[in-house]
Amino acid sequence: QVQLVESGGGLVQAGGSLRLSCAASGITFGRSTIKWYRQPPGKQRDLVATIDVFGGTYYADTVKGRLTISRDNAKNTVYLQMNSLKPEDTAVYFCRTYYQSREYWGQGTQVTVSS
């Protein structure tokens, strides 16, 4: 059974930092591209960052230079280090992967940035 579990969200002041984790099970983790998305209140879910099987990364323009995605294949976990947080980063953050032609999402973790 494939499972993605996000953690690390919380309430932080503007300018602060958080590190989100996405722990995966039931997949061949080292062969899986993992993506982070976020969904602000009342808005659509958008791609934030991607890390592929080679460690290559992609970032949305809105987060470049502030967020860093990384992976630890030994722990089957992808991280999203979030620095210099802004109120507009407030959202539910989700991780996503494809495995054996199916899409899987985690349940999400709430990040709230106060001004």
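Bear in mind the structure is a predicted one, so any value in this text is a computation, not a measurement.

Chemist: I'm lost on the packing of aromatic side chains in this one. Help?
Modeler: Geometry of an aromatic ring pair is reported as the spacing of the ring centres plus the angle between the planes. One pass over the structure, following the stated rule, counts two aromatic pairs. An angle of 85 degrees between the planes, with centres 6.2 Å apart, marks the rings of Phe94 and Trp105 as edge-to-face. Here the residue Phe94 occupies a position in strand S9 (residues 91–99), and Trp105 occupies one in strand S10 (residues 102–105), the gap between them amounting to 11 residues. You can call Phe94 buried: its relative accessible area is 8%. Taking the relative accessible area as the measure of exposure, Trp105 reaches 29% and is therefore partly exposed. Through successive ring pairs, a cluster of aromatic residues spans Tyr37, Phe94 and Trp105. Taking the ring centre of Phe29 as reference, the NZ or CZ of Arg71 above it sits at 4.7 Å.

Chemist: Teacher, can you tell me more about the sheet that holds strand S3 (residues 18–25) here?
Modeler: Sheet strands associate in pairs through backbone hydrogen bonding, adopting either a parallel or an antiparallel arrangement. If you walk across this open sheet you meet the four strands as S1-S3-S8-S7, and the pairing is antiparallel. The open sheet has two free edges, formed respectively by strand S1 (3–7) and strand S7 (67–72), since each of these has just one partner strand. Mean inter-strand twist for the sheet, computed between neighbouring axes without regard to direction, equals 15 degrees. With five bridges connecting them, S1 and S3 associate as antiparallel partners. Pairing of Val5 across the sheet is with Ala23, part of S3.

Chemist: It is not clear to me how the side chain of Ser32 should be interpreted in this structure. Could you clarify?
Modeler: Considering the arrangement of structural elements, one finds Ser32 in the loop between S3 and strand S4 (34–39). Setting aside anything within four residues of it in sequence, one finds Ser32 in contact with Ile27, Ile51, Val53, Arg71, Thr97 and Tyr99.

Chemist: Sorry, what's going on with the nonpolar core here?
Modeler: One recurring pattern in soluble globular proteins: nonpolar side chains tend to sit buried together. Counting residues in hydrophobic clusters, the biggest one holds 30 residues, and the most contacted among them are Trp36, Val48, Ile69, Val78, Leu80, Met82 and Tyr93. Elements that contribute at least two residues to this core include exactly S3, S4, strand S5 (46–51), S7, strand S8 (77–82), S9 and strand S11 (109–114).

Chemist: Explain the side chain of Thr90 to me, please; I cannot follow it from the model alone.
Modeler: Within the secondary structure layout, Thr90 lies in the loop between S8 and S9. Among the polar contacts listed, one links the side chain of Thr90 to the backbone nitrogen of Val113, at a separation of 2.9 Å. The contacts of Thr90, once residues within four sequence positions are left out, are Pro40, Pro41, Gln110, Val111, Thr112 and Val113.

Chemist: Would you explain the pattern of salt bridges in this entry?
Modeler: Pairs may arise between side chains of opposite charge once their charged atoms sit close together. Using the criterion set out here, one finds four salt bridges in the structure. In this structure, Arg38 engages Asp89 in a salt bridge whose closest nitrogen and oxygen atoms are separated by 2.8 Å. Highlighted residues: Arg38 in strand S4 and Asp89 in the loop between S8 and S9, separated in sequence by 51 residues. Residue Asp89 is classed as buried on the basis of its relative accessible area of 0%. The closest approach of N and O atoms between Arg66 and Asp89, which form a salt bridge, is 2.7 Å.

About the thresholds
- Residues numbered from 1 in each chain as written.
- Predicted model: local features only at pLDDT ≥ 70, side-chain atom pairs only at ≥ 80, totals over all residues.
- Heavy atoms only, no water.
- Phe/Tyr/Trp six-rings, centres within 6.5 Å; stacked < 30°, edge-to-face > 60°.
- Helix = DSSP H or I, 4+ residues; strand = E, 2+ residues; numbered from the N terminus.
- Buried < 20%, exposed > 50% of the residue type's maximum accessible area, 1.4 Å probe, protein only.
- Lys NZ or Arg CZ within 6 Å of the ring centre and 35° of its normal.
- Pairing = 2+ DSSP bridges.
- Axes fitted to C-alpha atoms, helices over the stretch in contact; angles between N-to-C directions.
- Contact = heavy atoms within 4.5 Å.
- Core = buried A, V, L, I, M, F, W, Y, C linked by side-chain atoms within 4.5 Å.
- Polar contact = N/O pair within 3.5 Å; in protein donor to acceptor, adjacent residues only side chain to side chain.
- Salt bridge = Lys/Arg side-chain N within 4 Å of Asp/Glu carboxyl O.

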